[in-house]
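# A look at the structure
So the chains spell out like this:
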Amino acid sequence: MDIHEYQAKEILKGFGVKIPPGGLAYSPEQATYRAHEIGGERWVVKAQVHTGGRGKVGGVKLCDNEQTVFEAANDMFGKKLVTPQSGPNGKIVYRVYVEAGVDIERELYLGFVLDRSTERIMVVASASGGMEIEDIASSEPDSIVRSIVDPAAGLSDFQAREIAFSLGFANTQIQQAVATIQGGYRAFRDLDATMVEINPLVVTRQGAIMALDAKMGFDDNAMFRRPEISELRDKSQEDPRETRAADRGLSYVGLDGNIGCIVNGAGLAMATMDMIKLAGGEPANFLDIGGGASAERVAKAFRLVRSDDKVEAILVNIFAGINRCDWVAQGVVQALEANPVDVPVIVRLAGTHVEEGRAILVDSGVTVIMASTLSEAAEKAVGACTLQTSTTAQMAAAS
Ligand code: ADP
Ligand code: MG
C-alpha cells in the first residue's frame, strides 16, 4: 500500500525528520489560504498523487505570490499526471500540498529498502540526489552508499554517522543527519514499511537538513495491525479493479491482455500466465483466489474478472490441495447461473475431488469448455479469443 507525500512527511516528522511547514488543500482557494497560513514569500504547490517524477510533468510548481499559488493549484486539480513512474494510465490529482519554498544548497538521496539477498533492511544513500535512484545508479554508481542493518542491533549511531560522513556532511551537520537517517529507519521498522524514500533530502542555505520529498510503501499483509496507516489509503490512486478485489479479500493484479484468469495459489497463477503467453495470448489479470476458496469466493472472483471489459475469455485453473474441486465447480456454476457470461469459459480442474467437480460442471447445464492439462487449457483460451475476434471482424465486414 502506498501513501501520499504529505502523509509520509507527517509520519517522518514524528520520527524526528525535519520537513518544511506545509498544508493540504482540496481546492485552489484552500491552497491560497494555506500559503497565507504558512507565510513567507515563496511556496511550492505539489500534486499529491501516488507516483514520483511529478516535477518533470508540471506536478511541482514554485510560486512567489498567492495569486500564482491559486493558478498553480487550479491548473493541477482534476488533471491526469502521467510520469515515467505512473504507468500509461497516469494518476488524477484530487489533493495538492502547499509547502514553504526552501533555499536549497544541495540535494541528496536517502532510501530504505528490504534487501532480499541478505534479508535485511538496507540504507541506500547518495550525495547526488534530486534524480531517480535508477538514474544515479547508471550515471554515478560510485556515489551510492549501501549499508545493511543488523536486525538484532538495529541501526546504531555509529553506523548512521558513518553513512552521514560518506555523504559529505559538514561536522556541524552530522548530528542532524544522523537523526534523519535514524528517523527514516525507525519509521520503516516500526510501521511495517516496505520502502521509505527521501528524494531529495536537502541541505538548506541556512544549514538545515530537510526532507523535501517523501515516499512510503507498506506491507499489505501487516495492515491489519496498523489501522492508523490503513486509514491513509487513498482509493482514488489505485487501479479500480484492484481496489474492488482487495475489498473482497482477493489478491488481484490488473494486466493489459484479454484472457481473464481465476487461479488458486500465486505460483499456479504465475505458471498460468506463462502458459497463456506461451500459447500466444495475453492475460488480462492475475487473480489468486487463495487456498480454501468457497463457492462464494469463486463466484466473487468471476464477477470481478467479468467487470473488466477487455476480457474475451475466462480461464479457471484450479489445483485443489486444501481446496476441493467440487466447491470450485459449485462456485463456477453459481456464478454462471446468476450471471450468464457472453465469453467462453475454460475450466481445468486437478486434485482433490476432481471427478465430483467435473461431474457438477457437466450435469449443471452451464456452458464451459473443459481441459485436462494446463497447456490444453491455455491453448483453448487463446483459441477461443482468436475465434471471437475473427467472428466480430466477420460480422463487422458483413454489416
Ligand atoms: P518528484 O520527485 O515527484 O518530482 P519532488 O518533491 O522531489 O517531486 O520535487 C521535485 C523538485 O522540486 C525537488 O527535487 C526540488 O528541487 C524541488 N522542490 C520540491 N519541494 C520543494 C520545496 N519545498 N522548496 C524548494 N524546492 C522544492
Ligand atoms: Mg522526488
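Residues numbered from 1 in each chain as written. Chains lettered and ligands numbered in written order. Predicted model: local features only at pLDDT ≥ 70, side-chain atom pairs only at ≥ 80, totals over all residues. Heavy atoms only, no water.

Turning to the coordination of the magnesium ion (ligand 2), a few remarks are in order. Under ideal tetrahedral coordination, the four donors around a metal are separated by 109.5 degrees; under ideal octahedral coordination, the six donors are separated by 90 or 180 degrees. Listed as protein donors to the magnesium ion (ligand 2) are Asn199 (O) and Asp213 (OD); their distances from the metal cover 2.2 to 2.3 Å. With Asn199 in strand E10 (residues 193-204) and Asp213 in the loop between strand E11 (209-211) and strand E12 (215-218), the pair connects residues that are 14 residues apart, well separated along the chain. As far as the burial class goes, Asn199 and Asp213 line up, both buried. (Donors = N, O, S within 2.8 Å, 3.2 Å for Na, K, Ca; no water. Helix = DSSP H or I, 4+ residues; strand = E, 2+ residues; numbered from the N terminus. Buried < 20%, exposed > 50% of the residue type's maximum accessible area, 1.4 Å probe, protein only.)

Turning next to the environment of Ala25. Mapped onto the secondary structure, Ala25 falls in strand E1 (residues 22-25). On the accessibility criterion, Ala25 (0% relative accessible area) is buried. Distance from Ala25 to Ala47, taken between C-alpha atoms, is 9.9 Å for residues 22 residues apart in sequence.

Moving on, we get to the packing of helix H2 (residues 28-38) against helix H3 (residues 66-76). Working note: a packed helix pair is described by the angle between its axes plus the distance between those axes. Where H2 contacts H3, the two axes come as close as 8 Å, and the packing angle between them is 140°. Like other packed secondary-structure pairs, H2 and H3 cross with a definite hand, here right-handed. Contacts between H2 and H3 involve Pro28, Glu29, Ala31, Thr32, Ala35 and His36 on the former and, on the latter, Glu66, Val69, Phe70, Ala73 and Asn74. Split by residue class, the contact of H2 with H3 holds six nonpolar, three polar and two charged. (Axes fitted to C-alpha atoms, helices over the stretch in contact; angles between N-to-C directions. Left-handed = near helix turned anticlockwise from the far one by under 90°. Contact = heavy atoms within 4.5 Å. Nonpolar A, V, L, I, M, F, W, Y, C, P; charged D, E, K, R; others polar.)

Inspection of every chain in the model, using the stated rule, returns 18 salt bridges. Its salt-bridge partner being Asp192, residue Arg226 comes within 2.8 Å of it at the nearest N-O pair. One end of the pair, Arg226, is in the loop between E12 and helix H7 (227-230); the other, Asp192, is in the loop between helix H6 (174-190) and E10, and 34 residues separate them in sequence. The pair formed by Arg226 and Asp192 is uniform in burial state, with each residue classed as buried. Each of Glu5, Lys9, Lys46, Arg54, Glu99 and Asp213 takes part in one network of salt bridges that share partners. (Salt bridge = Lys/Arg side-chain N within 4 Å of Asp/Glu carboxyl O.)

As a further point, take the nonpolar core. Judged by nonpolar contacts, the single largest core of 42 residues is most densely connected at Ile11, Leu110, Phe112, Phe169, Ile181, Met216 and Phe218. At the level of secondary structure, the elements contributing two or more residues to this core comprise helix H1 (5-14), strand E7 (104-115), strand E8 (120-126), helix H5 (157-166), H6, E10, E11 and E12. Sorting elements by how many residues they give to this core places H6 first, with seven residues. Formed by 33 residues, the second largest nonpolar core is a distinct cluster that contains Phe302, Val332, Val343 and Val366. (Core = buried A, V, L, I, M, F, W, Y, C linked by side-chain atoms within 4.5 Å.)

Attention now goes to the state of the cysteines. Disulfide: a covalent bond connecting the sulfur atoms of a pair of cysteines. Applying the stated criterion across every chain yields a total of zero disulfides. Of the cysteine sulfurs around Cys325, a residue in no disulfide, the closest is that of Cys261, at 18 Å. (Disulfide = S-S within 2.5 Å.)

The environment of ligand 1 is formed by 17 residues, the closest being Lys46, Arg54, Gly55, Glu99 and Glu107. One of the backbone N or O atoms of Val102 is found 2.9 Å from a nitrogen atom in ligand 1. Asp213 is positioned with one of its side-chain polar atoms (N or O) 3.0 Å from an oxygen atom of ligand 1. Here ligand 1 has 540 Å² of accessible area as a free molecule, and 84% of this is covered by the chains. Mapped onto the shell around ligand 1, the elements with two or more residues apiece are strand E2 (43-47), strand E6 (96-100), E7 and E10. A class-by-class count of the residues in the shell around ligand 1 yields seven nonpolar, five polar and five charged. (Near = heavy atom within 4 Å. Polar contact = N/O pair within 3.5 Å; in protein donor to acceptor, adjacent residues only side chain to side chain. Areas by Shrake-Rupley, 256 points an atom, 1.4 Å probe, with all protein chains shown as cover.)

Without other data, these values stay purely geometric and don't point to any function.
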